[in-house]
Amino acid sequence: MNFYSLNRTAPEVSFKEAVIKGIAPDRGLYFPESITPLPTSFFEGIESLSNHEIAFNAIHQFVSDEIPNDELRAILTNVLDFDFPVVQLEENVATLELFHGPTMAFKDVGARFMANCLGYFSGGASQNVTVLVATSGDTGGAVANGFLGVPGVNVVILYPSGKVSDIQERQLTTLGQNITALEVDGTFDDCQKMVKTAFLDEALLTLMQLTSANSINVARWLPQLFYFLFAYKQVKSQNMEIVFSVPSGNFGNICAGMVAQQLGMPVQHFIASTNVNDTVPRFMRTQEYDPKPSTATISNAMDVGDPSNFIRIRHLFKNDFEALSQTLSSYTFSDMKTKEAMRNIYDHSGYIADPHGAVGYLGLKKYQENHPDTCGVFLETAHPVKFLDVVEETIPEKISIPAQIQKVLHQKKKSIKISSYEELKAFLLQA
Ligand SMILES: *Cc1c(COP(=O)(O)O)cnc(C)c1O
């Protein structure tokens, strides 16, 4: 399949080229030229399909011809080797746990899928690819883990110094090999800006093949649509209207959910739940897109002031605000409300939510005030252990540390401090 740039001034490219380039030369995000709905029989019979079959059917049209079917199946078997359970917490409220992967964040699926695709595409290529990625917390660990040891691929991760949790920092600074962590004196938005600048730096681009592993990359973004189908499969038998609440930062995950909807998944409504970084909730109130610098919160993987994928969502709805507002509600919540929700969930059901999941819970509850008869599913995007300090100061329970996390706790952090784009460029050129 071909992908076009949302800025419309760059040529269309194949899936392979979109993955390798990351972003179009005109700075636009790539978008699939078509989204063909799956047959209704696919959704009617989804309970009898394995997760691998669901994923294969859903992603096939986007990569077909460029990755042979057998290879694609093998990639999906690699990527989807853990569970995605829906856990019922209250009447009409369930959570979809996306944290059972190797770094315990939902980004594991996208990062591993992209790493596998890039590994496949770079097989036989003489030039190395450098993956450049900015992280507000979880992307870094998932990308580092997904790309570790992939031949022909070097990974450079930028993260804001002092603004990610200890466990997150260790997950991205301790692996070594083809992974380098750059510790930026600044915010996530500063990191993201540096990455975007690098992708526009002609002098740099003639010297190296750079790509991004942020959710702007189609191979990171699209496989996230699997989650919604896996959840749909599990709650379909309740025979109620399903609504998803997605804790959102860069809006890649929820946008992928909307692609699943366009594939025919019978879900009418999505809720984008944010922390105080409320650019999208404000847009849904005012119809004005007015990005702001990001504010640090306890749900730091969502500290994004200018969400890069929102433009894809607007495009999916052909920039028709009325149509978009039929499908999307968006609410913002403070850290205080988030902690209150973590305590409420714990008191009512004994369930320990992480701060991101708790924001998703709040958005769902708010929507259900006016839509009580819905089967609500909020996405639990990280294991609570990844935000140990906040969780343990909020609820009266100690969290036991899973094996995946134990492993990195004793490793030594290795990072290189930088504070400007010039320093980033100098690093890339000497590496
Ligand atoms: C990245 C992340 C999010 C936000 O996902 P987007 O696709 O950027 O909206 C939410 N929760 C966690 C734990 C994350 O790591």
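Procedures and definitions
- Residues numbered from 1 in each chain as written.
- Predicted model: local features only at pLDDT ≥ 70, side-chain atom pairs only at ≥ 80, totals over all residues.
- Heavy atoms only, no water.
- Near = heavy atom within 4 Å.
- Polar contact = N/O pair within 3.5 Å; in protein donor to acceptor, adjacent residues only side chain to side chain.
- Areas by Shrake-Rupley, 256 points an atom, 1.4 Å probe, with all protein chains shown as cover.
- Helix = DSSP H or I, 4+ residues; strand = E, 2+ residues; numbered from the N terminus.
- Buried < 20%, exposed > 50% of the residue type's maximum accessible area, 1.4 Å probe, protein only.
- Phe/Tyr/Trp six-rings, centres within 6.5 Å; stacked < 30°, edge-to-face > 60°.
- Lys NZ or Arg CZ within 6 Å of the ring centre and 35° of its normal.
- Disulfide = S-S within 2.5 Å.
- Pairing = 2+ DSSP bridges.
- Axes fitted to C-alpha atoms, helices over the stretch in contact; angles between N-to-C directions.
- Contact = heavy atoms within 4.5 Å.
- Arc of directions from axis to C-beta.

Trainee: What am I meant to see in the site of the ligand here?
Mentor: Around the ligand, a shell composed of 15 residues is seen, among which Lys107, Gly249, Asn250, Phe251 and Thr381 lie nearest. In this structure, lysine 107 approaches the ligand through a side-chain N or O atom, which is 2.5 Å from an oxygen atom. When isolated, the ligand has an accessible area of 380 Å², and the protein chains bury 97% of it.

Trainee: Got a minute to help me understand unusual backbone geometry in this structure?
Mentor: What you tend to see is this: most non-glycine residues have negative phi, and most peptide bonds are trans. Of note in this structure, asparagine 239 is not a glycine but carries a positive phi near 55°. Looking at where asparagine 239 falls in the secondary structure, it is placed in the loop between helix 11 (225-235) and strand 10 (241-247). Of note, the phi angle at glutamine 287 is positive, near 65°, even though the residue is not glycine. Structurally, glutamine 287 is set in the loop between helix 13 (279-286) and helix 14 (310-316). Judged by its relative accessible area of 48%, glutamine 287 falls in the partly exposed class.

Trainee: When you look at the packing of aromatic side chains in this model, what are you seeing that I'm missing?
Mentor: Remark: the centre distance and the inter-plane angle together describe each pair of aromatic rings, the angle taken between the planes. A complete count under the given rule lists 21 aromatic pairs for this structure. One aromatic cluster is present, formed by Phe82, Phe84, Phe106, Phe226, Tyr227 and Phe230 through successive ring pairs. The side chain of arginine 73 reaches across the aromatic face of phenylalanine 56, ending 3.7 Å from its centre. Directly above the ring of tryptophan 221 sits arginine 312, whose terminal nitrogen or CZ lies 4.1 Å from the centroid.

Trainee: Sorry, what's going on with the state of the cysteines here?
Mentor: Here a disulfide denotes a covalent bond joining the sulfur atom of one cysteine to the sulfur atom of another. A complete count under the given rule lists 0 disulfides for this structure. No disulfide involves cysteine 117; its nearest neighbouring cysteine sulfur is the one of cysteine 255, lying 18 Å away. Residue classification places cysteine 117 among the buried positions, given a relative accessible area of 0%.

Trainee: What is the right way to look at the sheet that holds strand 8 (residues 179-184) in this model?
Mentor: In a beta sheet, neighbouring strands pair by backbone hydrogen bonds and run either parallel or antiparallel. If you walk across this open sheet you meet the 5 strands as 9-6-7-8-14, and the pairing is parallel. Of all the strands in the sheet, just strand 9 (209-212) and strand 14 (416-418) have a single pairing partner and so form its edges. Neighbour-to-neighbour, the strand axes of the sheet open up by a mean angle of 30°, direction not taken into account. Two elements, strand 6 (residues 129-134) and strand 9, share 4 bridges in a ladder whose sense is parallel. Bridge pairing in strand 9 places threonine 130 opposite leucine 210. Lying on the sheet, helix 8 (residues 188-200) is in contact with strand 6, strand 7 (153-160), strand 8, strand 9 and strand 14; it crosses strand 6 at an angle near 150°.

Trainee: Teacher, can you tell me more about the side chain of serine 165 here?
Mentor: Relative to the assigned elements, serine 165 resides in the loop between strand 7 and helix 7 (166-173). Excluding residues that lie within four positions of it along the chain, serine 165 makes contacts with Asn300 and Lys386.

Trainee: For this particular structure, what's the right way to read the side chain of glutamine 192?
Mentor: With respect to the helices and strands, the residue glutamine 192 is situated in helix 8. The residues touching glutamine 192, leaving out its near neighbours within four places in the chain, are Ala134, Asn250, Asp306 and Ser308.

Trainee: Just to check I follow, could you spell out helix 20 (residues 421-430) for this structure?
Mentor: Note that an α-helix has 3.6 residues per turn; residues three or four places apart therefore point the same way. Every buried residue of helix 20 is listed here: Tyr421, Leu424, Phe427 and Leu428. Along helix 20, the residues classed as buried sweep out an arc of 125° about the axis, all on the same side. Of the exposed residues in helix 20, those oriented more than 90 degrees away from the buried face are Glu422 and Gln430.

Trainee: Sorry, what's going on with the sheet that holds strand 4 (residues 86-90) here?
Mentor: Overall, mixed pairing links the 6 strands, which are arranged 4-5-13-10-11-12 in an open sheet. Here the strands that pair on one side only, and so sit at the sheet edges, are strand 4 and strand 12 (328-332). Across this sheet, the average inter-strand angle for adjacent strands is 25°, counted without regard to direction. Bridge count between strand 5 (residues 93-97) and strand 13 (residues 374-380): 5 bridges; the pairing is parallel. By the bridge assignment for strand 13, leucine 96 is matched with leucine 379. Along the sheet, helix 11 contacts strand 4, strand 5, strand 10, strand 11 (269-274) and strand 13; its crossing angle with strand 10, the most-contacted strand, is approximately 140°.

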